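What the coordinates show
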Amino acid sequence: MAKITKKAFGELKNGRLITLYTLENSYGMKLSVMDYGARVQSLIVPDREGKCIDVALGYEDLKGYEADDKYFGAIVGRSAGRIAFGDLPIDDKTYVLECNEGRNHLHGGSLGGYDKKVWTAEEKAGALTLCYMSPAGEGGYPGDLKMTVTYALSEKNEVVVSYEAEANGDTICNPSHHTYFNLEGFCSGSVLDQKIRIFAEKYTPTDNELIPDGRILLVEGTPLDFREMKEIGARIDAPFSQMRWAGGYDHNFVLDRTPAEEEAKELGLGEDAACPVDYTKLHKLAHVYAEKTGVYMRAYTTQPGVQFYSGNHLDGVLSGKAGAAFAPRAGFTLEAQVFPDAVHHANFPQSILRPGKEWRAQTVFAFGLA
């Protein structure tokens, strides 16, 4: 069972005190999460030399997170990703969401987004559970929605992110986790030489505002083909419209739902009795490897898609931990979710949550060496 310690992390401008919780297993892996935005502030893992490195981009103090507009380490929602024109149709009603990225809605909005909210934290048997009640109308969303996110850290070096939600009216529920990873360490520079495999034969192409156009296409023959391990930077500047519009990778991949059970069994995952994970309910999301450190990350999820983002718009304006300047492509995210803008495309999986129904999802990031 992970040991949990906590410390004061600062005071918001409105006077609210924020706490940073650190989960640590017996192998020295540490996960630090705050109750502001339910954000991961650091993730310390061992490298091949036995040194501990922090693979999560973030800030040294609370002021950085208050000023942050890149969602470092946050839970984003109610709906992760983009919704065209902030237009939310549910049955015969249409709701108007806050448009915080040009004329579109992104990650719950700048006013109602989960990343800027103070969550209620509770320690439960070696895990940290955070809860936020989003009132009807926040960000333009209908219905009160109670969101619970639990972070757990196993003795097998699995970071387990579990979600539960319920609402008192028709709404949509599509949160995600937005840690920027760099498997060479947060201050090591670009991630372009790190290798990734995404378990997806298809993706959802976008228009020039990064809104899915409704098609589901094969990755074969495109720079989005990561069915085998490839360097993130190998084709990131390819003369392909999808890459030009995004400035790199910022695309939803349609996961193949490749079963995770056999791989998990081979690796001994899910065997920590204090932090059980049922891999029969998970499928493979991605494998990522940094040759310089030997750190290997395997991701699994229950969700149908993942937004792979290569940190194209990081700008280094705010100093990160240890004074790091997070330039473009200094980190990548793997945002497991329902496809962006699904409400406008009937052929996509949908994220509508009805009253009286409970919604659950889970994503696991398992760390090892190669």
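Let us look at the structure shown here. (Residues numbered from 1 in each chain as written. Predicted model: local features only at pLDDT ≥ 70, side-chain atom pairs only at ≥ 80, totals over all residues. Heavy atoms only, no water.)

Turning to the overall build of the protein chain, a few remarks are in order. In terms of helices and strands, the protein chain carries three helices and 27 strands. Whereas a compact globule of 370 residues would reach a radius of gyration of roughly 21 Å, the protein chain reaches 19 Å, a difference of no more than 12%. Considered along the principal axes of its C-alpha atoms, the protein chain spans approximately 55 × 50 × 45 Å. Split into buried and exposed, the 370 residues of the protein chain put 60% on the buried side. Excluding contacts between residues fewer than 6 apart, the proportion of contacts in the protein chain whose partners are at least 24 apart in sequence is 67%. Summed over all atoms, the accessible surface of the protein chain reaches about 14600 Å², with 49% contributed by carbon and sulfur. (Helix = DSSP H or I, 4+ residues; strand = E, 2+ residues; numbered from the N terminus. Rg over C-alpha atoms; globule rule 2.2 N^0.38 Å. Buried < 20%, exposed > 50% of the residue type's maximum accessible area, 1.4 Å probe, protein only. Contact = heavy atoms within 4.5 Å. Areas by Shrake-Rupley, 256 points an atom, 1.4 Å probe, with all protein chains shown as cover.)

The subject of this paragraph is the layout of surface pockets. One simple way to see leftover space: roll a probe sized like a water molecule over the atoms. Estimated volume of the largest pocket: approximately 430 Å³. Lining the largest pocket are 23 residues, and of these Asp69, Tyr71, Glu101, Leu106 and His107 sit closest to its centre. Residues belonging to the lining of the largest pocket are distributed by class as follows: six nonpolar, eight polar and nine charged. Taken as a whole, the second largest pocket holds about 320 Å³ of empty space. Taken together, 16 residues form the lining of the second largest pocket, with Ser162, Tyr163, Arg360, Ala361 and Gln362 sitting closest to its centre. (1 Å grid on protein atoms, 1.4 Å probe; cavity = no way out; pocket = protein on both sides within 12 Å on 5 of 7 lines; lining within 4 Å. Points joined across faces, edges and corners; volume = space filled by probe spheres on them. Nonpolar A, V, L, I, M, F, W, Y, C, P; charged D, E, K, R; others polar.)

Another point: the state of the cysteines. Tallied over the full model, the rule gives zero disulfides. Cysteine Cys52 remains unbridged, with the sulfur of Cys187 as its closest cysteine sulfur at 14 Å. By relative accessible area, which is 47% here, Cys52 ends up partly exposed. Its sulfur unpaired, Cys131 is 12 Å from the next cysteine sulfur, which belongs to Cys173. (Disulfide = S-S within 2.5 Å.)

Across the sheet, nine strands lie side by side as E11-E12-E13-E14-E27-E23-E22-E17-E20; this open sheet has antiparallel pairing. The open sheet has two free edges, formed respectively by strand E11 (120-124) and strand E20 (230-231), since each of these has just one partner strand. Here strand E17 (residues 195-198) pairs with E20 via two bridges, running antiparallel. Note on E20: the bridge partner recorded for Ile196 is Lys230. (Pairing = 2+ DSSP bridges.)

Looking now at the sheet that holds strand E1 (residues 3-11). Pairing is antiparallel in the open sheet, where five strands are placed in the order E1-E2-E3-E4-E5. Where the open sheet ends on each side, the last strands, each with one partner, are E1 and strand E5 (52-54). On average, adjacent strands in this sheet sit at an angle of 20° to one another, irrespective of strand direction. Pairing of strand E3 (residues 30-34) with strand E4 (residues 40-46) involves four bridges; the strand directions are antiparallel. In the strand pairing of E4, Leu31 is matched with Leu43. (Axes fitted to C-alpha atoms, helices over the stretch in contact; angles between N-to-C directions.)

Next up on the list: the pattern of salt bridges. As enumerated under the stated definition, the model contains 21 salt bridges in all. Salt-bridge contacts for Lys51 lead to Glu49; the nearest nitrogen and oxygen are separated by 3.6 Å. Looking at Lys51, the relative accessible area reads 48%, which means it is partly exposed. The partner of Asp54 in a salt bridge is Lys321, and the shortest N-O contact between them spans 2.7 Å. Pair noted here: Asp54 is in strand E5 and Lys321 is in the loop between strand E24 (305-309) and strand E25 (333-337), with a separation of 267 residues, a long-range link. A residue is classified by how much of its surface remains accessible, and Asp54, at 12% relative accessible area, is buried. (Salt bridge = Lys/Arg side-chain N within 4 Å of Asp/Glu carboxyl O.)

The subject of this paragraph is the pairing of E11. Alignment of E11 against strand E12 (residues 127-134), held across five bridges, turns out to be antiparallel. Note on E12: the bridge partner recorded for Glu122 is Thr129. The loop that links E11 with its antiparallel partner E12 comprises two residues; one of these, Ala125, has a positive phi angle of about 45°.

As for its position among the elements, Ala342 is in the loop between E25 and strand E26 (352-353). Sequence separation between Ala342 and Ile352 is ten residues, and the spatial gap between their C-alpha atoms is 9.7 Å. Discounting chain neighbours no more than four positions away, the residues touching Ala342 are Phe348, Pro349 and Gln350.

Moving on to the nonpolar core. If you look at the biggest cluster of nonpolar residues, it comprises 64 residues, and the most contacted ones within it are Leu43, Met147, Ile198, Phe253, Phe308, Leu334 and Phe367. Ile198 has contacts with Phe226, Arg227, Phe253, Leu255, Leu285, Ala286, Val306 and Phe308, leaving out every residue within four places of it along the chain. Grouped together as the second largest cluster of nonpolar side chains are 19 residues, Ile18, Tyr180, Phe186 and Phe326 included. (Core = buried A, V, L, I, M, F, W, Y, C linked by side-chain atoms within 4.5 Å.)

Function cannot be read off these values alone, since they describe shape.
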